[in-house]
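So the chains spell out like this:
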Amino acid sequence: MARICWVTAPIYAALGMILGLVMAASGDHTLAPAHGHLNLLGWVTIALYGAFYTLVPLAAESRLARLQVLLAEIGVVTAVPGIAMAIMGMGEGLAKVGSLIILAAMLLFVFIVIRTVGQPAATA
Ligand code: HEM
Ligand code: HEM
């Protein structure tokens, strides 16, 4: 789980930076919220999940952790294009669905943290 997070987070960062550079170069900042959330949900949030699962390997072992990471990843790849579509007037549906998946991933993460942190043998 940690590995999936560590590999995908910098990919989102690179894509987010490319979008940032394209915006800066073109002077068209319309997609700034999509760029911001690609960086913040894709790079920052996923990297934090990766850091947690590295520091607390016990948490990464459960099936629930697999579901948590899966939801977080699906959330990024649906919400970010969804935000871009919403900005371009192509509908808000995908952004809404993606946001709810991201929220579900975070709520699951809260549960996993509470369940594992403080347990003997939880930390690396
Ligand atoms: C090569 C790196 C990057 C470039 C060239 C870049 C470029 C930009 C540009 C041009 C804007 C629009 C500014 C405006 O219209 O006021 C912007 C907004 C933003 N960027 Fe970046 N950025 C980069 C990296 C990052 C990273 C690493 C993060 C977060 C971890 C980030 C987070 C944001 C946020 C939150 C916004 C505001 C979004 C909004 O207004 O909704 N950016 N960036
Ligand atoms: C389900 C998750 C999220 C939803 C639905 C959401 C929604 C939004 C919305 C609707 C905006 C206003 C965009 C606009 O003005 O055009 C916004 C802006 C922003 N969000 Fe999020 N967000 C989420 C997660 C996050 C996370 C995890 C972070 C940081 C780690 C973050 C950081 C920001 C920042 C920095 C801005 C720009 C604020 C500004 O321009 O003053 N968001 N978000």
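Each value, and the rule that gives it
Residues numbered from 1 in each chain as written. Chains lettered and ligands numbered in written order. Predicted model: local features only at pLDDT ≥ 70, side-chain atom pairs only at ≥ 80, totals over all residues. Heavy atoms only, no water. Axes fitted to C-alpha atoms, helices over the stretch in contact; angles between N-to-C directions. Helix = DSSP H or I, 4+ residues; strand = E, 2+ residues; numbered from the N terminus. Parallel < 35°, antiparallel > 145°, perpendicular 65-115°, else oblique. Left-handed = near helix turned anticlockwise from the far one by under 90°. Contact = heavy atoms within 4.5 Å. Nonpolar A, V, L, I, M, F, W, Y, C, P; charged D, E, K, R; others polar. Donors = N, O, S within 2.8 Å, 3.2 Å for Na, K, Ca; no water. Near = heavy atom within 4 Å. Polar contact = N/O pair within 3.5 Å; in protein donor to acceptor, adjacent residues only side chain to side chain.

Novice: Give a detailed account of the packing of helix α2 (residues 32-55) against helix α5 (residues 93-116), specifying residues and quantitative values.
Specialist: Viewed as axis vectors pointing N to C, α2 and α5 meet at an angle of 20 degrees, and their least axial separation amounts to 12 Å. By the criterion of interaxial angle, the relationship of α2 to α5 is roughly parallel. Taken as a pair, α2 and α5 cross one another with a handedness that is left-handed. On α5, the residues that touch Leu-41, Thr-45, Tyr-49, Phe-52 and Tyr-53 of α2 are Ile-102, Ala-105, Met-106, Phe-109, Ile-112 and Val-113. Residues belonging to the contact of α2 with α5 are distributed by class as follows: 10 nonpolar, 1 polar and no charged.

Novice: Tell me about the coordination of the iron atom of ligand 2, and name the residues and values.
Specialist: From the protein, the iron atom of ligand 2 takes a single donor atom, His-37 (NE2), 2.1 Å away. The residue His-37 is located in helix α2 in this model.

Novice: Any chance you could break down the site of ligand 2 for me, citing the residues and the numbers?
Specialist: Close to ligand 2 lie Pro-33, His-37, Leu-40, Leu-41, Ser-99 and Ile-102, which account for all nearby residues. Here His-37 contributes a side-chain N or O atom positioned 2.9 Å from a nitrogen atom of ligand 2. Taken together, the elements giving at least two residues each to the shell around ligand 2 come down to α2 and α5. Ranked by residues supplied to the shell around ligand 2, first place goes to α2 with 4 residues. The residue makeup of the shell around ligand 2, split by class, is 4 nonpolar, 2 polar and no charged.

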